Amino acid sequence: MASLTASALARLLGTWNLGASPAYRELADVVRLLVLDGRVALDTALPSERALADTLAVSRTTVTAAYGLLRDQGFLSSGQGSRSRTRIPRATAAGTTALGRPLPDGSGPGSPGLAAAGLAPGLAAPGLAAPAGLIDLAYSSLPASGELVHRAFAAALTELPALLPGFGYDAMGLLPLREAVAARYTAAGVPTTVDQVLVTSGAQHALNIVLRALTGRQDRVLVEHPSYPNALDAVRAAGCRAIPVAFSAPAGKSDGRPTITWDMHGLQTALAQQRPRLAYLVPDFHNPTGQLMPDPERRQLVRAAEAAGTTLVVDETLRELNLDGVCTTPVAAFSSAVVTIGSLSKSHWGGLRTGWIRASQDLIQQFAAARTSLDLGGPVMEQLAAAHLVRAMDEPLPARLAALRDNRKALLDLLAGHLPEWETLYPSGGLSAWCRLPAPISTALTVIAPDFGIRLAAGPRFGIGGAFERYLRVPFTLPPEKLETAVLALRSAQDRLDAAPQLRRTLKNPPAVAIA
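The structure displayed is predicted, hence computed values, not measured ones.

Per the counting criterion, the structure on display carries five aromatic pairs. Note on Phe 247 and Trp 262: the rings are 5.0 Å apart at their centroids and 50 degrees apart in plane angle, and the pair reads as tilted. Here Trp 262 lies in the loop between β8 (257-259) and α10 (264-274) and Phe 247 lies in the loop between β6 (241-246) and β7 (252-254), a separation of 15 residues in the sequence. Here Phe 247 matches Trp 262 in class, with each residue buried. Look at Trp 434 and Phe 468: their rings are 5.8 Å apart centre to centre, the planes differ by 70 degrees, and that puts the pair in the edge-to-face class. Note that Trp 434 is positioned in strand β14 (residues 432-436) and Phe 468 in the loop between β15 (454-455) and β16 (471-475), a separation of 34 residues in sequence. For the pair Trp 434 and Phe 468, one class covers both residues: buried. The structure contains a cluster of three or more aromatic residues connected by ring pairs, namely Trp 434, Phe 462, Phe 468 and Tyr 471.

Next up on the list: the pairing of strand β12 (residues 355-358). The alternating pattern of β12 places Gly 355 and Ile 357 and Trp 356 and Arg 358 on opposite faces, both of which are buried. Inspection of the sheet shows strand β4 (residues 197-200) paired to β12 by four bridges, in the antiparallel sense. Within the sheet, the bridge partner assigned to Val 197 lies in β12 and is Arg 358. Relative to β12, strand β11 (residues 339-343) runs antiparallel, the two sharing four bridges.

All right, on to the packing of helix α14 (residues 397-418) against helix α16 (residues 480-499) then. Two numbers describe how α14 lies on α16: the axes approach to 10 Å, and their chain directions differ by 25 degrees. With respect to α16, the axis of α14 lies roughly parallel. Seen from above, α14 lies across α16 with right-handed handedness. Within the contact between the two elements, α14 uses Asn 407, Ala 410, Leu 411, Leu 414, Leu 415 and His 418 and α16 uses Pro 480, Leu 483, Glu 484, Val 487, Leu 488 and Arg 491. Here the residues of the contact of α14 with α16 are counted per class, giving eight nonpolar, two polar and two charged.

Among the structural elements, Ala 188 can be located in the loop between α7 (175-187) and β4. You can call Ala 188 partly exposed: its relative accessible area is 42%. In this structure, the C-alpha to C-alpha distance between Ala 188 and Pro 330, residues 142 residues apart in sequence, is 7.5 Å.

Judged by side-chain polarity, Phe 167, Tyr 169 and Leu 376 come together as a nonpolar surface patch covering roughly 450 Å² of accessible area. Inspection of the secondary structure assignment puts Leu 376 in the loop between α12 (361-371) and α13 (380-391).

Pairs can form between side chains of opposite charge whenever their charged atoms are close. Taken as a whole and judged by the stated rule, the model has 19 salt bridges. Of the charged contacts, one joins Arg 151 and Glu 147 as a salt bridge, the two residues approaching to 2.7 Å between their closest N and O atoms. Remark: Glu 147 and Arg 151 occur in helix α6 (residues 146-159); sequence separation between them is four residues, near one turn of the helix. Here Arg 151 falls in the partly exposed class, since its relative accessible area comes to 36%. Of the residues examined, Glu 147 reaches a relative accessible area of 51% and is grouped as exposed. Of the charged contacts, one joins Asp 324 and Arg 408 as a salt bridge, the two residues approaching to 2.8 Å between their closest N and O atoms. Of this pair, Asp 324 sits in the loop between β10 (311-315) and β11 while Arg 408 is found in helix α14, placing the two residues 84 residues apart along the sequence. Of the residues examined, Asp 324 reaches a relative accessible area of 33% and is grouped as partly exposed.

Cut-offs and rules
Each chain has its residues counted from 1, running along the sequence as written. Local features are withheld for residues below a pLDDT of 70 in this predicted model, meaning they are given only at 70 or higher, and side-chain atom pairs are given and counted only at 80 or more; totals for whole chains, interfaces and linings count all residues. Computation of side-chain values covers all heavy atoms of the structure but excludes hydrogens and water. Aromatic contacts are taken between Phe, Tyr and Trp rings whose centres are within 6.5 Å, Trp giving its six-membered ring; a plane angle under 30 degrees counts as stacked, one over 60 as edge-to-face, and the others as tilted. Where helices and strands are cited, they refer to DSSP runs of H or I of at least four residues and of E of at least two residues respectively, numbered from the N terminus. Here's how the labels work: a residue is buried when its accessible area is under 20% of the maximum for its type, exposed when over 50%, partly exposed in between, all with a 1.4 Å probe on protein chains only. Pairing between strands is defined by DSSP: at least two bridges between the two strands are required. Lines fitted to C-alpha atoms define the axes here, with helix axes fitted over just the stretch in contact, and angles between the N-to-C directions of these axes take values from 0 to 180 degrees. Here the angle decides the label: under 35 degrees means roughly parallel, over 145 means roughly antiparallel, 65 to 115 means roughly perpendicular, and every other value means oblique. The crossing is said to be left-handed when, going from far helix to near helix, the turn is anticlockwise and less than a right angle, and right-handed when the turn is clockwise. Whether two residues touch is decided by their heavy atoms; if any such pair falls within 4.5 Å, the residues are in contact. Throughout, the ten residues Ala, Val, Leu, Ile, Met, Phe, Trp, Tyr, Cys and Pro are labelled nonpolar, Asp, Glu, Lys and Arg are labelled charged, and all others, Gly among them, are labelled polar. Residues enter patches when they are more than 30% accessible in relative terms and free of salt bridges; like-charged ones are connected within 9 Å and nonpolar ones (Val, Leu, Ile, Met, Phe, Trp, Tyr) within 5 Å. All accessible-area figures derive from a Shrake-Rupley calculation using a 1.4 Å probe, and residue coverage is judged against the displayed protein chains alone. Basic side-chain nitrogens of Lys or Arg form a salt bridge, by our definition, when they fall within 4 Å of a carboxyl oxygen of Asp or Glu.

By themselves, these are just geometric observations and shouldn't be taken as functional.
Here it is, written out as structure tokens:
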């Protein structure tokens, strides 16, 4: 099980003792925020009281009181003679915490409530849905494309009996779906055969397969900074070393709002000097910034990766969500060595859990072999339905894109009107906007947000080493009326932080290289 030394926890704490409240409470507050933000993992053993007191140069009484407060709040558990381990409090019987204590009064929106008490409702462990009643801004995804998905599954149900005599295992994926995916790439100018397609259970599964097949422990993997949190988690879980490359400073404006570009010099330098085993990028409506890489930069990226001997892995999950209709060439059109990841999760529905890898035939064989240590193939019904959806990929897009354009405009206008001190990048596609905050308060906003009826993903989740405390991703996947409620809640949450500086417990300011 994971554990933290006293020196490691001290580095994470940063400047924690500001003198705004008793030292034990300030220490507990910052440890709690580290747990809620994921920078200290759940079930991690904290250092002993004596060791931490010596490292922080405080009395043991201070650390003992801080640990005691965290236990009372449900963030630490320990047995007789064992080190305290991190946990998340969870409600059990109505109105009680995991420890059976009553929830504090006044826990509705706008009240000091649960976050002030350290109970943080709605900040469930990663991957869990938000509790009922919270507007969930932690997930940037859409509901199902309705009747089309239902129709695809109805058709799949009629086709299923023909496959029942078989074993049902297929590590490559069902042929009709691979044919549909190959045809889609060929039509986009990337000639593809069925032997160049491997069906996966979503884009995250695809990336895990690629990492398992092509990397070993301590291998370098270049990533954009910021990047998709689950991709960063996958790189870490594979035992690889992420090499972050920041975006350039704001370089222009679109619709009166700033845009940024990929730092091509930084990417080329990192590839040449670090020679990473893989490079994982999202050039099509990058998550979280919503930016689109132009074709000249795509060519430069491919050439630099080839020169470094780096396998370029391109995530095209958001490519179909082209809100401004700007045409670009798929990166795989510039080199047969590119590995492309795709999925139906963002364009159609996350519940489909269907994605794919497009690569050379030799690499696909490697991926299929590596896959068997993870699973033996995807569910047949979902693949049959996905084949229908890929063949009719363009059918739901006009209506979805029109609604997303309206939502994007509503969100940008609401942010400009209610949070004018926030600087929001203009997203040319995708599902979210990337906002620069007036102070490093992203984690603090995330902690108190459930008191105002919303759930957020803190900026540091999109970076490495605690970066992006001045940033927050805000999806525009909700209808305008819900977006208005969410933005007003953000305004109220920031007002509380402005009125109570003692709540603003964050790590140190992010280094300049991490500013996007």
